Amino acid sequence: AMFTIDSKGTILLLNDAAIDLFGYDYNELLGEPISKICGGDHAAKHQQYIENYLKTGVTKIMGKKREVQARKKDGTEFHVELGIKEIKTEDDGVIFAGFIKDLSHQKEQERQLRYRERVTQAAVDSSFDPMISINESGIIVSCNKAAINLFGYSRESFVGANISLICGDGHSKHHDEYIQRYLKTGHKKIIGRKR
């Protein structure tokens, strides 16, 4: 979606994607303040943002992308990615072009991912046996309550530590070598086995 506004925040131009995204008719937005589609507390502050920029030249969002709240005609607020460009006019004035990307689908995917992670962690935590997963660098990325109880570390100090933290019998200093050897050769000495 794309809008252009003047230095007073008045909408001068918008495209069809903007109309579809926000649910207004073209004439319901043309000539209206851009604050009409701003979500959160940005609506009340938007004109002040423009005036501060024009007075100081200090840019906080000009030429950058940032995530903000937007508001549809029905009042629904949603996340968007906003990029703003300044455009000089022939009479030495200035207008601003805003490019908006709807992040609703992305945010829903992130929400579902967090939910699946919580469900997975709950399932892992329900196991009576200690469970630990590590990445290819040997860093602990997850563990369950049984592992925490067995080794006596808090989850915060456990996750993010190297697995060598709990290796005994001389294996601690060699564990990273074991992982790298497996990654290079694919030869399994303990993967998929119990020992």
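Our structure's up above, just so we're on the same page.
Note on numbering: residues in each chain are counted from 1, in written sequence order. In keeping with the predicted nature of the model, local features appear solely for residues at pLDDT of at least 70, side-chain atom pairs appear and are counted solely at 80 or more, and the whole-chain, interface and lining totals rest on all residues. The side-chain numbers reported here are obtained from all heavy atoms of the structure, hydrogens and water having been left aside.

Undergrad: Hey, could you run me through the overall build of the protein in this one?
TA: When its secondary structure is counted, the protein shows 7 helices and 7 strands. Only DSSP runs of H or I with at least four residues qualify as helices, and only runs of E with at least two residues qualify as strands; both kinds are numbered from the N terminus onward. Listing each helix as α and each strand as β along the protein from the N terminus yields β-β-α-α-α-β-β-β-α-β-β-α-α-α. Across the 195 residues that make up the protein, the buried fraction comes to 26%. It only takes one pair of heavy atoms within 4.5 Å for two residues to be counted as in contact. When contacts within the protein are restricted to residue pairs at least 6 apart in sequence, long-range pairs at least 24 apart make up 36% of them. Residue-level accessible areas treat just the shown protein chains as cover; the underlying method is Shrake-Rupley with a 1.4 Å probe. For the protein, the exposed area adds up to about 13100 Å²; of that, 53% sits on carbon and sulfur atoms. Just so you know, the count uses Lys and Arg for positive and Asp and Glu for negative, and it drops His and the chain ends. Taken as the charge centre is NZ of Lys, CZ of Arg, CG of Asp or CD of Glu, depending on the residue. A distance of 10 Å separates the average location of the 29 positive side-chain charges in the protein from that of its 27 negative side-chain charges. For the exposure calls, accessible area comes from a 1.4 Å probe over protein chains only, and a residue counts as buried if that area is under 20% of its type's maximum, exposed if over 50%, partly exposed in between.

Undergrad: Would you explain the packing of aromatic side chains in this entry?
TA: Any two aromatic rings considered together are summarised by their centre-to-centre distance and by the angle between their planes. Ring geometry is summarised as follows: Phe, Tyr and Trp rings, the Trp one being its six-membered ring, pair when their centres sit within 6.5 Å, and such pairs are stacked at plane angles under 30 degrees, edge-to-face over 60 and tilted between the two. Going through the model one piece at a time under the given rule, you end up with 5 aromatic pairs. Look at Phe22 and Phe78: their rings are 5.7 Å apart centre to centre, the planes differ by 55 degrees, and that puts the pair in the tilted class. Of this pair, Phe22 sits in helix α1 (residues 16-22) while Phe78 is found in strand β4 (residues 77-88), placing the two residues 56 residues apart along the sequence. Taken as a pair, Phe22 and Phe78 share a single burial class, namely buried. Here Phe151 and Phe158 contribute two aromatic rings whose centre-to-centre distance is 6.0 Å and whose plane-to-plane angle is 40 degrees, an arrangement assigned as tilted.

Undergrad: How do you make sense of the environment of Ile163 when you look at a structure like this?
TA: Along the chain, Ile163 turns up in the loop between α6 (155-158) and α7 (175-185). Here Ile163 falls in the buried class, since its relative accessible area comes to 9%. Beyond its immediate stretch of four places on either side in the chain, Ile163 contacts Ile132, Ile134, Gly138, Ile140 and His175.

Keep in mind that these numbers describe shape and distance, not what the molecule does.
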